[in-house]
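# Commentary on secondary and tertiary structure
Each chain, written out:
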Amino acid sequence: MGIGTVAKRYETLNAYEFANLYNTYRPNTFSQDQLTAFQNGTAGTDWQDAIYQNGVTQNYKLSFSNGNDKTQYLISANYMGQEGVVIENDNKRYQGRANITSQITDWLHVTADVNASHNVRHSGNFAAGKENIVNVAVNYAPVLGIMKEDGTYMRDQYSAITQNNPVGTLKEQMGETVTDIVNARIDLKFNILPGLTFTTSNGVDYNDVKGYSFATKKVSPNSSMGNNDAYRMTLQTTNNLTYMGKWNDHALTATAVYEATQSESRNMGITGTGLLTESVGWWNANMAESRGVSNSYSKWALVSGVARVMYNYADRYMLTGTFRADGSSKFNNNKWGYFPSIAAAWSLGNEAFMQNQNLFQDMKIRASYGLIGSEAISPYETLGLMSQAMYAFGGTSQYTGYWIGQTIPTPDLSWETTHQFDLGLDFAMFNHRLRVSLDYFDKRTKDGLLKRTIPNYDGGGSYWINAAEVSNKGLDFSIDATIIDTHDFNWNTTFTGTYLKNEVTDLSGLDFVAGAEIASGLGPKDGMTRVTVGQPIGAIYGYTWTGLKDGKDSYVDKNNDGVIDGNDRDYIGNPLPDVTAGLTLGVNFHNFDLSLFFQGMFGNDVYDLTRYVGDFYNQSQYNKNSRVVNAWTPTNTNTDIPRVTMDDPNNNIRPSSYYVQDASFVRLKNMKIGYSVPQSILSKIKFNSLYIYAQATNLFTITGYDGIDPEVGLQSYSSDYRNLDMGVDRGIYPLSRTFTFGVNVSF
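Keep in mind the model is a prediction, meaning the values are calculated, not measured.

### Some remarks on the overall build of the protein
When helices and strands are counted, the protein shows seven helices and 33 strands. Each principal axis of the C-alpha atoms in the protein carries an extent, and together these give about 95 × 75 × 65 Å. With 747 residues in all, the protein has 41% of them scored as buried. Taking all contacts inside the protein whose residues are at least 6 apart in sequence as the whole, residues at least 24 apart take part in 65%. For the protein, the accessible area works out to roughly 38600 Å², and carbon and sulfur atoms hold 55% of it. Taking the average location of the 58 positive side-chain charges in the protein and that of its 73 negative ones, the two points are 4 Å from each other.

Take a look at the structure:
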């Protein structure tokens, strides 16, 4: 059982602050009586209070296992019910699993596993962007009530915001998503001859997602409904022939693998607007005055062959050679990619000269070099697909026509290839109390898959090319220490981390690839993030903000021409962290245990797009951040908030380092304390084991970032530019701080 709360909220103007500031530039909009009501809290709405709640999570699991020396089986069932920290958001998951493994004969071993789940989720739109329900709530005018006297929901008439009432949307227009998943596989292992085995693993991944949506006139200007069914079936077979032999100090393992994967997707949807009755919700499309239908289909296949030889001499010298060939249906003329690799290791700990010292144990040096392939495009992306359009000719009748669509054919597109070199060192010290692993890596991606956009004045569309070359260099480390180890007290610590330097090294002659715009119709069309040579992927691009001058934002005149324009932009932020790290502390004292997990990211920047509408009053279609009350005035010059104005002749909202913040953070991600009931008590109550615990997640975050969560990550919205937008905070679902209490019982 768990309880979740919102870890951090946006700090926005309350109703009185909003109305007072609004009256400054649009006098007499709110009367003195209204201002008094806003000030004493008898009018207005805190929209974050209105949409947030304490979410309750329940998780129950029952498992049964048994067997003998030849056959073992396990059956389990799980139910999880979760209420989100946003009202009307919930998720129910029913899951079952069955597993059996059996040595049928001396030459045949069988493993079968089936995992099935049924998931029902009610959720609003939380995709990153202005349609996000949390963003809408933050931006809605706080002077409004929630509902009108006629039972419909208030709309924001004080600004140009177009989104519906967030409370009404959540209470009346929640969507439902039903997901059914089945994963099943069967493994057969044949012992053919001494040292020779053949294993075949065959599996199916079934995924069916049904989505339902509904809009009522109580909230929206018009009523509507929608149904969608997305089906995916993936089949995979992996066949492995392995020979293992040993002669004195020599050991050899040779493996041949054949693998084939096929995936088929089908999608069908129907929408309707102008419902004659809302009583049946999304269930009767015939009740809609106008209807639309859509469907799609895709299928892809991947065939792979692998040959691997591993040689081991006296457990001291290891050598591995691998050759892999992959064929993908997503490519046209270059379906096959070939990826060899080689690896070697030297186990110094087994050398005779290491036996006479006690400082190091289990020391090993590792090195490897190999190629890795990627086919990360959707099916049919290399084909020139036709698009459908309706047209009228010689009258009002509509005809169906076809034209060369937005996808340009690229038949010679081929695999993206990463050349990777690794050098590693493993060792233990102090009688294995300290264990260290260090890895240097150098990954160079060549022929990178890159999607180019054609300007509309040149016909529009997009196409894929092999252009990008990207370098990723860095160091992985892991330090595992047993600090105290006694009969009654144990203390273990694990510290892991990665240092990474990412750099684009070639774009095949392109100056840059632009990321996403700030918003549709706003800001430069060539993006606020870019891919360009010499910079990390998704580097933040804009003007360098230098502070305020007479209440106006000022910027670096890069080319010293006396004019601030597009030629003065520069690279102003790196969305990728220099270092990511994790620290785990584990303590056991008698029957009690305590564990803590800290997570950290350092050196990355975030472009806080929520400040775009939150800090500038000329963007009047939204509520503002509370710091706007500290805006520049002739008597308040010690501030970095520009002067309040209803116009923007200085273009203060241009993309600049004003929005860029260091997003480094340290977070206590998880803490758990538990108690194992001693055997002396268990024997009396007939339990094999009884464990009681309390757990908390996201207890605190130490950061200088002003937004609600510095860990922005990859944004959840559909766009060709999503991968270039990883350092842009467009508004995200709030981080949940959860407290859980649980019991594990074994009979």
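### What about the pattern of salt bridges?
By the definition in use, this model includes 20 salt bridges. The partner of Arg366 in a salt bridge is Asp439, with the nearest N and O atoms 2.9 Å apart. Residue Arg366 is found in strand 13 (residues 360-374), and its partner Asp439 is found in strand 17 (residues 434-453); the two are separated by 73 residues along the sequence. Ionic contacts of the salt-bridge type, sharing partners, join the residues Arg366, Asp426 and Asp439 into one network.

### A short note on the layout of surface pockets
Within this model, the second largest pocket holds a volume of roughly 1100 Å³. The wall of the second largest pocket is formed by 38 residues, among which Met1, Thr57, Asn59, Tyr60 and Asn78 lie closest to the centre. Each residue belonging to the lining of the second largest pocket can be placed in one class, and the counts come to 14 nonpolar, 20 polar and four charged.

### Considering the sheet that holds strand 21 (residues 529-531)
Pairing is antiparallel across the open sheet formed by four strands, whose spatial order is 20-21-22-25. Looking at the sheet topology across the chains shown, the edges are occupied by strand 20 (513-514) and strand 25 (570-573).

### Re the sheet that holds strand 28 (residues 605-608)
Sheet strands pair by backbone hydrogen bonding; their relative direction is either parallel or antiparallel. What the three strands build is an open sheet, ordered 29-28-32; its pairing is mixed. Strand pairing shows two members of the sheet lacking a second neighbour, strand 29 (660-662) and strand 32 (728-729), which therefore form its edges. Judged from the two bridges that link them, strand 28 and strand 32 form a sheet pairing that is parallel. Pairing of Asp608 across the sheet is with Asp729, part of strand 32.

### Topic: the side chain of Asp615
Summarising the element assignment, Asp615 is placed in the loop between helix 6 (610-614) and strand 29. Take Asp615: its relative accessible area is 2%, and that puts it in the buried class. Of the polar contacts made by the side chain of Asp615, one reaches the side chain of Tyr658; its length is 2.7 Å. When sequence neighbours within four positions are dropped, the list of residues in contact with Asp615 reads Asn625, Arg627, Val628, Ile641 and Tyr658.

### Thoughts on helix 1 (residues 15-25)
Every buried residue belonging to helix 1 is among Ala15, Phe18, Ala19, Leu21, Tyr22 and Asn23, and all of these are buried. The secondary structure elements touched by the buried residues of helix 1 are helix 2 (32-40).

### Notes on the nonpolar core
Ranked by size, the top nonpolar core spans 55 residues in total, and within it Phe30, Val143 and Tyr607 carry the most contacts. When residues of this core are traced back to their parent elements, those giving at least two are helix 1, helix 2, helix 3 (47-51), helix 4 (133-139), helix 5 (166-172) and helix 6. Ala467, Val470, Leu510 and Val531 belong to the second-largest nonpolar core, a separate cluster that totals 11 residues.

### What to know about the pairing of strand 23 (residues 545-549)
Pairing geometry for strand 23 and strand 24 (residues 552-555), over four bridges, is antiparallel. Looking across to strand 24, one finds that Gly547 is bridged to Ser554. The turn linking strand 23 back onto strand 24 is made up of two residues, and Asp550 within it adopts a positive phi angle of 55°.

### Regarding helix 2
Listing the buried residues of helix 2 in full gives Leu35, Ala37 and Phe38. One side of helix 2 carries all its buried residues, which in axial view fall inside an arc of 160°. Away from the buried face of helix 2 by more than 90 degrees, exposed residues Gln32, Asp33 and Gln39 are located. Of the surrounding elements, those touching the buried residues of helix 2 are helix 1. Gly41 occupies a position one or two residues after helix 2 and carries a positive phi of about 85°.

### Quick look at unusual backbone geometry
One non-glycine residue with positive phi stands out, namely Asp447, at about 55°. Its location among the elements puts Asp447 in strand 17. One non-glycine residue, Asp550, adopts positive backbone phi at about 55°. Within the secondary structure layout, Asp550 lies in the loop between strand 23 and strand 24.

### Side note on the environment of Asn248
Here Asn248 lies in the loop between strand 8 (224-247) and strand 9 (250-275). With relative accessibility at 73%, the residue Asn248 sits in the exposed group.

### Remarks on the packing of aromatic side chains
According to the stated counting rule, one finds 31 aromatic pairs in the structure shown. Both rings, one in Tyr212 and one in Trp282, keep their centres 5.5 Å apart while their planes meet at 20°; by these two values the pair is stacked. Here Trp282 lies in the loop between strand 9 and strand 10 (288-313) and Tyr212 lies in strand 7 (residues 196-215), a separation of 70 residues in the sequence. By the burial criterion, Tyr212 is buried, and Trp282 matches it. A ring pair is formed by Phe360 and Phe427, whose centres lie 5.6 Å apart and whose planes are at 85°; its orientation type is edge-to-face.

### Some remarks on the packing of helix 1 against helix 2
It is the contact of helix 1 with helix 2, at a shortest axis distance of 7 Å, that shows an interaxial angle of 150°. Between helix 1 and helix 2, the angle falls in the class roughly antiparallel. Residues Ala15, Tyr16, Ala19, Asn20 and Asn23 of helix 1 lie in contact with helix 2, whose contacting residues are Leu35, Phe38 and Gln39. Along the lines of polarity and charge, the residues of the contact of helix 1 with helix 2 split into five nonpolar, three polar and no charged.

### Some remarks on the side chain of Thr417
With respect to the helices and strands, Thr417 occurs in strand 16 (residues 416-429). On the basis of relative accessibility, which here comes to 12%, the residue Thr417 falls in the buried class.

Conventions used here
Per chain, residues are indexed from 1 in the order of the written sequence. The predicted nature of this model means local features are confined to residues of pLDDT at least 70 and side-chain atom pairs, given and counted, to a pLDDT of 80 or more, with totals for whole chains, interfaces and linings taken over all residues. To obtain the side-chain values, all non-hydrogen atoms of the structure were included, while hydrogens and water were left out. A run of H or I in DSSP counts as a helix once it spans at least four residues, and a run of E counts as a strand once it spans at least two, with each numbered from the N terminus. Each residue is placed in one exposure class: buried if its accessible area under a 1.4 Å probe, protein chains only, is under 20% of its type's maximum, exposed if it is over 50%, and partly exposed if it falls in between. We call two residues in contact when some of their heavy atoms are within 4.5 Å. Areas reported here follow the Shrake-Rupley algorithm with a probe of radius 1.4 Å; residue values treat only the protein chains shown as occluding. In this charge count, Lys and Arg are treated as positive and Asp and Glu as negative; neither His nor the chain ends contribute. To locate a charge, take atom NZ for lysine, CZ for arginine, CG for aspartate or CD for glutamate. Here, a salt bridge means any Lys or Arg side-chain nitrogen found within 4 Å of an Asp or Glu carboxyl oxygen. Residues are said to line a cavity or pocket when one of their atoms sits within 4 Å of a point; the points come from a 1 Å grid over protein atoms alone, cavities being sets where a 1.4 Å probe fits but cannot get out and pockets being open sets with protein on both sides within 12 Å along at least five of seven lines. Grid points are joined across faces, edges and corners, and a volume is the space filled by probe spheres set on the points. Throughout this entry, Asp, Glu, Lys and Arg are counted as charged residues, while Ala, Val, Leu, Ile, Met, Phe, Trp, Tyr, Cys and Pro are counted as nonpolar. The remaining residues, Gly among them, count as polar. Being paired, for any two strands, means DSSP has found at least two bridges between them. Think of a polar contact as two N or O atoms within 3.5 Å of one another; within protein, one of them needs to be a possible hydrogen donor and the other a possible acceptor, and neighboring residues in sequence only count if both atoms come from side chains. Take the buried Ala, Val, Leu, Ile, Met, Phe, Trp, Tyr and Cys residues and link them wherever side-chain atoms come within 4.5 Å; each set so joined is a nonpolar core. Directions drawn from the helix axis to the C-beta atoms are what define this arc. To pair, rings of Phe, Tyr and Trp, with the six-membered ring standing in for Trp, must have centres within 6.5 Å; the planes then decide the type, stacked if under 30 degrees apart, edge-to-face if over 60, and tilted in the middle. Here an axis means a line fitted to C-alpha atoms, over the contact stretch when the element is a helix, while the angle between two N-to-C directions is reported on a 0 to 180 degree scale. For this classification, under 35 degrees means roughly parallel, over 145 means roughly antiparallel, 65 to 115 means roughly perpendicular, and everything else is oblique.

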